Amino acid sequence: MIQTDIDLQPLNTLAIAARAAHFARVESLEQLREALAFARGRKLPILPLGGGSNIVLTGDYPGLVIHMELRGLSLEETPEGTRLSAAAGENWHRLVMHTVERGLGGLENLALIPGKIGAAPIQNIGAYGVELRDSFVDLQAVHIATGKLCEFSAADCEFGYRDSVFKGRARDRYIITRVRLELPSDWRPRIDYPALGEYFARREQGAGTLTPEKVARAVIAVRNSKLPSPDEIPNAGSFFKNPLVDADLYHSLKKAHPDLVAFAAGERWKLAAAWLIDRAGWRGRQRDAVGVHDRQALVLVNPGRGPGAEVTALAAEIAADVRAKFGVELEPEPRYYP
Ligand code: FAD
Ligand code: NAP
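Please read these numbers as outputs of a predicted model, since none were measured by experiment.

(A) Looking closely at the overall build of the protein. If you tally the helices and strands in the protein, you get eight helices and 20 strands. In terms of C-alpha radius of gyration, the protein reaches 20 Å, essentially the compact-globule figure of 20 Å for 338 residues. Along the three orthogonal principal directions, the C-alpha set of the protein runs to about 60 × 50 × 35 Å. Each of the 338 residues in the protein was classed as buried or not, and the buried ones make up 50%. Within the protein, contacts between residues separated by at least 24 positions form 62% of all contacts whose residues are at least 6 apart in sequence. Here the protein has roughly 15500 Å² of accessible surface; of this, 49% comes from carbon and sulfur atoms. Between the averaged position of the 42 positive side-chain charges in the protein and that of its 42 negative side-chain charges there is a distance of 2 Å.

Structure below.
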């Protein structure tokens, strides 16, 4: 079951050439436990891999890559709506389409996000004002050190903005095997993001005529109009999180740059990282094999299939420039390995 020296280039959406010293394709809990025992016996580090759409491979991986291919999906009616249980290896976008095609709402704004169910809680995936936590019930995970199965409620997951306990205290300690979501029976469309509102306004469709599937189709059309498909131009989506800054910094930036794009987020302000990068002059710039997408400055692209070091060097240069020009710290969203 364990393979050695495996090419990871087809398994990461930045198409970075890198190899895994050890690799296991896992389709059941039993295979997962066997893979974990193999790694434990050799004291190998572990990289749980879904669709590879939120990682940057900075070199060959010296440990065990566990490719999560557990399958299974079930829907169940409850008094509140529909409860959905999906195994970690199911494709996220296909799950969204499976629900909207049955008239079930709740996940439509999250259409076309690449990757698998098992990775969705890691950063509490979000788009167009909706996050995974809005429909999350609980998840099942295997504790890496002991192989024991455990459950995490929504509170246990400590979801935040593109964040969860799995990026903090529980980082590298669990492998998620199953996620349960609840889709409400009293669905209402969430089309307050300008791009979605404008899409329906142009077609003269009011909120009352919308269905989950219509919203999903709109999200797909809007995303396709500005975000590069990794199949055509390798990328990892938004490379930086939108920074949350305190009110003092926001007000001083807004005074200096009246067109700054920012949104109130509780007591803090969320700045559009794309605006900062664009205004610093990076949109469309190319450096060796890598570059900054010309329609969305938050997306770093790798058309020349360069090494991870080129991607991280460009990201570091952009972050340093934004820090120098605006005094704002940009934090990469994808995780770097090894
Ligand atoms: P991977 O890249 O395989 O893994 C990501 C991290 O999760 C790694 O640290 C990995 O070890 C860990 N991991 C994966 N599976 C498991 C598991 N079963 N158990 C424990 N740890 C695990 N994200 C958004 O939030 N919103 C968006 O709108 C969005 N749009 C995107 C658009 C594009 C074009 C691209 C390329 C990416 C986009 N992303 C977006 C980022 C990415 O798709 C999500 O973060 C997605 O959830 C990653 O899934 P994955 O299976 O590819 O994860
Ligand atoms: P957009 O709609 O052009 O918006 C630009 C930025 O402004 C976004 O980052 C968004 O923040 C913020 N924003 C816009 N309207 C807002 C509102 N009403 N309230 C609060 N914040 C608002 O963004 P885009 O690049 O085309 O992406 C569309 C959506 O898909 C966004 O939600 C984005 O996060 C998501 N997406 C994520 C990734 C990824 O890899 N993480 C990749 C592609 C797209 P938020 O980002 O916080 O929503």
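(B) The packing of aromatic side chains, seen in detail. This structure, assessed with the given rule, holds 11 aromatic pairs. Judged by centre distance (6.2 Å) and plane angle (80 degrees), the rings of Tyr61 and Tyr337 are edge-to-face. Highlighted residues: Tyr61 in strand E5 (residues 61–68) and Tyr337 in strand E20 (residues 335–337), separated in sequence by 276 residues. With relative accessibility at 6%, the residue Tyr61 sits in the buried group. Centroid distance Phe239 to Phe240: 5.5 Å. Interplanar angle 70 degrees. Geometry classified as edge-to-face. The residues Phe239 and Phe240 share a single accessibility class, namely buried. A cation over an aromatic ring shows up here: Arg203 above the ring of Tyr199, its NZ or CZ 3.7 Å from the ring centre. Here the guanidinium or amino end of Arg285 rests over the ring plane of Trp282, the centre of that ring lying 4.0 Å away.

(C) Structural detail: the nonpolar core. Ranked by internal contacts, the top residues of the largest apolar core, which has 46 residues, are Phe240, Leu271, Leu276, Ile277, Ile318 and Val322. Going through the elements one at a time, strand E2 (19–26), strand E3 (46–49), strand E4 (55–57), E5, helix H6 (247–256), helix H7 (273–279), strand E18 (290–292) and helix H8 (308–326) are the ones with two or more residues in this core. Residue contributions to this core peak at seven residues, all from H8. Sequence-distant contacts of Leu271, that is, excluding residues within four places in its chain, are made with Asn242, Pro243, Val245, Tyr250, Leu253, Leu260, Val261, Ala262, Leu276 and Val328. Core analysis: the second largest hydrophobic core is formed by 44 residues, Val100, Leu104, Ala111 and Leu210 among them.

(D) Main features of the sheet that holds strand E17 (residues 286–287). Taken in spatial order, the four strands line up as E13-E19-E18-E17 in an open sheet, and their pairing is antiparallel. The sheet is open, and its two borders are formed by strand E13 (235–238) and E17, each paired with just one other strand. H8 contacts E17, E18 and strand E19 (299–301) of the sheet and is inclined by roughly 35 degrees relative to E18.

(E) Up close: the site of ligand 2. Around ligand 2 lies a shell of 17 residues, among which Tyr161, Arg162, Tyr193, Lys270 and Gln296 are the nearest. Residue Tyr161 places a side-chain N or O atom 2.5 Å away from an oxygen atom belonging to ligand 2. Glu333 has a polar side-chain atom sitting 3.0 Å from a nitrogen atom of ligand 2. Residue assignment for the shell around ligand 2 shows that the elements contributing at least two residues are strand E8 (126–127), helix H5 (212–226) and E13.

(F) Geometry of the sheet that holds strand E14 (residues 244–245). The strand order E14-E16-E15 describes an open sheet built from three strands, whose pairing is antiparallel. Each having just a single partner strand, E14 and strand E15 (262–265) make up the two edges of the open sheet. Examined bridge by bridge, E14 and strand E16 (residues 268–271) share two bridges and lie antiparallel to one another. What sits directly across from Val245, in E16, is Trp269. Packed onto the sheet, H6 meets E14, E15 and E16 and runs at close to 50 degrees relative to E16.

(G) How the structure looks around the pattern of salt bridges. By the definition in use, this model includes 18 salt bridges. For Arg133, the salt bridge goes to Glu131, with nearest N and O atoms at 2.6 Å. By relative accessible area, Glu131 is classed as buried at 12%. A network of salt bridges, in which partner residues are shared, links Glu69, Arg71 and Lys116.

(H) Seen up close, the environment of Asp7. On the secondary structure map, Asp7 appears in strand E1 (residues 2–7). With 280 residues separating them in the primary sequence, Asp7 and Arg287 have C-alpha atoms 25 Å apart. Only 3.0 Å separates the side chain of Asp7 from the backbone nitrogen of Gln9, close enough to count as a polar contact.

(I) The site of ligand 1, seen in detail. Around ligand 1, the structure places 32 residues, and the nearest of them are Pro48, Gly51, Ser53, Gly126 and Tyr337. A distance of 3.0 Å is found between an oxygen atom of ligand 1 and a backbone nitrogen or oxygen belonging to Pro114. A distance of 2.9 Å is found between an oxygen atom of ligand 1 and a side-chain nitrogen or oxygen belonging to Gln123. Within the residue set of the shell around ligand 1, elements represented by two or more residues are E3, E8, strand E12 (174–184) and E13. By residue class, the composition of the shell around ligand 1 is 17 nonpolar, 12 polar and three charged.

Rules used in this analysis
- Residues numbered from 1 in each chain as written.
- Chains lettered and ligands numbered in written order.
- Predicted model: local features only at pLDDT ≥ 70, side-chain atom pairs only at ≥ 80, totals over all residues.
- Heavy atoms only, no water.
- Helix = DSSP H or I, 4+ residues; strand = E, 2+ residues; numbered from the N terminus.
- Rg over C-alpha atoms; globule rule 2.2 N^0.38 Å.
- Buried < 20%, exposed > 50% of the residue type's maximum accessible area, 1.4 Å probe, protein only.
- Contact = heavy atoms within 4.5 Å.
- Areas by Shrake-Rupley, 256 points an atom, 1.4 Å probe, with all protein chains shown as cover.
- Lys, Arg positive; Asp, Glu negative; His and termini not counted.
- Charge placed at Lys NZ, Arg CZ, Asp CG, Glu CD.
- Phe/Tyr/Trp six-rings, centres within 6.5 Å; stacked < 30°, edge-to-face > 60°.
- Lys NZ or Arg CZ within 6 Å of the ring centre and 35° of its normal.
- Core = buried A, V, L, I, M, F, W, Y, C linked by side-chain atoms within 4.5 Å.
- Pairing = 2+ DSSP bridges.
- Axes fitted to C-alpha atoms, helices over the stretch in contact; angles between N-to-C directions.
- Near = heavy atom within 4 Å.
- Polar contact = N/O pair within 3.5 Å; in protein donor to acceptor, adjacent residues only side chain to side chain.
- Salt bridge = Lys/Arg side-chain N within 4 Å of Asp/Glu carboxyl O.
- Nonpolar A, V, L, I, M, F, W, Y, C, P; charged D, E, K, R; others polar.

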